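Remarks on the overall topology
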Amino acid sequence: MELNDSSLPQIRRILSWVLKNKYSDFYRKKYKGKVIPSKIKTVNDFKKIPFLEREDLVSASPFDKIFTSFNFIKGVTATSGTTGKGPLVTFLPERMSMFEGKRVSASYLGTKNKIIELGIKYYLLIKPPFSINNSILENRSPFAVIADPDNFTASAEIASRLRIEAIHTTPTILYFFTPYLKKKYDLKKIKFIQFGGELCSNEKLMLFKRTFPNSYITNRYVASEGPVITWQCEYLAQKNLQLQHLLPGTIAECLDTLTGEEVARGDVGELVYTILYPDVFVPIRYRTGDYVIFKEEKCKCKKPYPIFEALGKIGYDSIAIQGTKLLISDILDAIKKTKGLVNDFKAHVHERIRGGRIYYIVEVQLIPKDKKNLKNLLFKEKIRDKMEKNLYISSSLTYKDLVDKDVFLPLKVEFMEKLPHEPKRRYFTAHY
Ligand SMILES: [Zn+2]
């Protein structure tokens, strides 16, 4: 739903609901009397409401974020907490959302119908242990069995004995689980794959389509902090797993987080969303850290829901790739050792498929000190070489060593006159 004057009454209603809430004083504490619902009269007033940051959610107790009676709660999810800020634990109702004007269970948002259509009986859940929501387990059709992502051998054995037809997992787990499953089971029998928890790059999608030729594959961008806000129709699932419909009952802002201004339609911005209906937890102006592009196009499914493409998280100071850890400070060190460059850069990590395997490639956008070198290919090659040798991924291994060990593809260097305008100066963008 677009933010305009017609959304203001709903905004005032939900603000009153959270601020007068008898179960939680989360927003009363956060806003400290500075947000008064009746005074939100224009879109600009709404835009002055402070963002809800992930930090706010992590630092509050899970029990302080419950806005309803405990009877509504059907599950709990948590992140693993590996980002250093600790796990984010969230209580959830049965995952509900607004769809066709009604509140419906998230499992019905397209995927449930598909599961019925395909006649699936046995469904394998192989997900990080904290992300399996209790409400999934109540689902008796199909039967869901929980596999262990830390024990692929046993999980593949169980999958084969149960003759599973569907898998719910993350793209990363499936990528590593596939060789085990292949040994025990005919992959052609898998008819349905649902991803969650992370994005699936088109590179990976193409690989999965080849590996599971008879499977319908879908991904849903789910912000696990509150109600489900997106849905992937059949057309979007076929086209690109990053494309999602934004469901009604949600206001999305697509912001340049440096200026706080709305970006132009078609430009990249951070997804900031607000839920307009009461729920166990109601995110208001929640900064997801996810970068998206809202599309102009209408979908073939003819539903009126806007379409956005999820591009992933940006702003990482470090990024873990197949057991290695790349730090933004390491890139800066390599730049400093490599003469002739301005100490500012942007780093990207991409996935590439080569011979059925996923490789990673790091791309660095750099500014040569001398403008004359912008188009100097020889200079660029020299810089690339030096960067590879000076970029330490661990205390003893350089990027170059990992290229030689077949973990990374050669470093990519792009020279620019100035860096694209984006929220932070130095950080990674993960394009997968
Ligand atoms: Zn659609």
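Below, the structure is looked at part by part. (Residues numbered from 1 in each chain as written. Predicted model: local features only at pLDDT ≥ 70, side-chain atom pairs only at ≥ 80, totals over all residues.)

Taken in spatial order, the five strands of this open sheet run β6-β5-β7-β8-β9, and their pairing is parallel. Each edge of the open sheet carries a strand with a single partner, namely β6 (143-146) and β9 (216-219). Going across the sheet, the axis of each strand differs from the next one's by a mean of 20°, ignoring polarity. Sheet topology places strand β8 (residues 192-195) next to β9; four bridges connect them, and they run parallel. By the bridge assignment, Ile193 is partnered in β9 with Ile217. Helix-sheet contacts for helix α8 (residues 171-184) involve β5 (122-126), β7 (166-169) and β8, and the interaxial angle to β7 is about 125°. (Pairing = 2+ DSSP bridges. Helix = DSSP H or I, 4+ residues; strand = E, 2+ residues; numbered from the N terminus. Axes fitted to C-alpha atoms, helices over the stretch in contact; angles between N-to-C directions. Contact = placed C-beta atoms within 7 Å.)

Attention now goes to the nonpolar core. With 70 residues, the main nonpolar core has Leu124, Ala166, Ile167 and Ile193 as its most contacted residues. Not counting chain neighbours up to four residues away, the residues in contact with Ala166 comprise Ile115, Ile120, Tyr123, Leu124, Pro142, Ile190, Lys191 and Phe192. (Core = buried A, V, L, I, M, F, W, Y, C linked by C-beta atoms within 7 Å. Buried ≥ 20, exposed ≤ 12 C-beta atoms within 10 Å, placed from the backbone.)

Covered by surrounding structure in β8 are Phe192 and Gln194 together with Ile193 and Phe195, the residues of both alternating faces. Here four bridges tie β7 to β8, and the two strands are oriented parallel to one another. Within the sheet, the bridge partner assigned to Thr169 lies in β8 and is Phe195. For the segment spanning β7, α8 and β8, crossover handedness is right-handed. Where the polypeptide runs from β8 across helix α9 (residues 202-211) and back to β9, its parallel neighbour, the crossover connection is right-handed. (Right-handed = clockwise from strand over helix to strand, strands pointing away.)

Quick look at helix α11 (residues 328-337) now. In an α-helix there are 3.6 residues to a turn, and that puts residues three or four apart on one side. When α11 is considered as a whole, its buried residues turn out to be Ile331, Ala334 and Ile335. Taken end-on, α11 shows its buried residues confined to a sector of 100°, consistent with a single buried face. Exposed side chains of α11 directed beyond 90 degrees from the buried face belong to Ser329 and Lys336. If you follow the buried residues of α11, they end up packed against β19 (341-354), β20 (357-368) and α12 (377-390). (Arc of directions from axis to C-beta.)

All right, on to helix α1 (residues 8-19) then. Counted at 1.5 Å a residue, the expected span for α1 with its 12 residues is 16 Å, and the 16 Å between its end C-alpha atoms agrees. Listing the buried residues of α1 in full gives Ile11, Ile14, Leu15 and Val18. Mapping the buried residues of α1 onto a view down its axis gives an arc of 105°, with all of them on the same face. Against α2 (26-31) and α3 (43-46) lie the buried residues of α1. (Expected span 1.5 Å × (residues − 1).)

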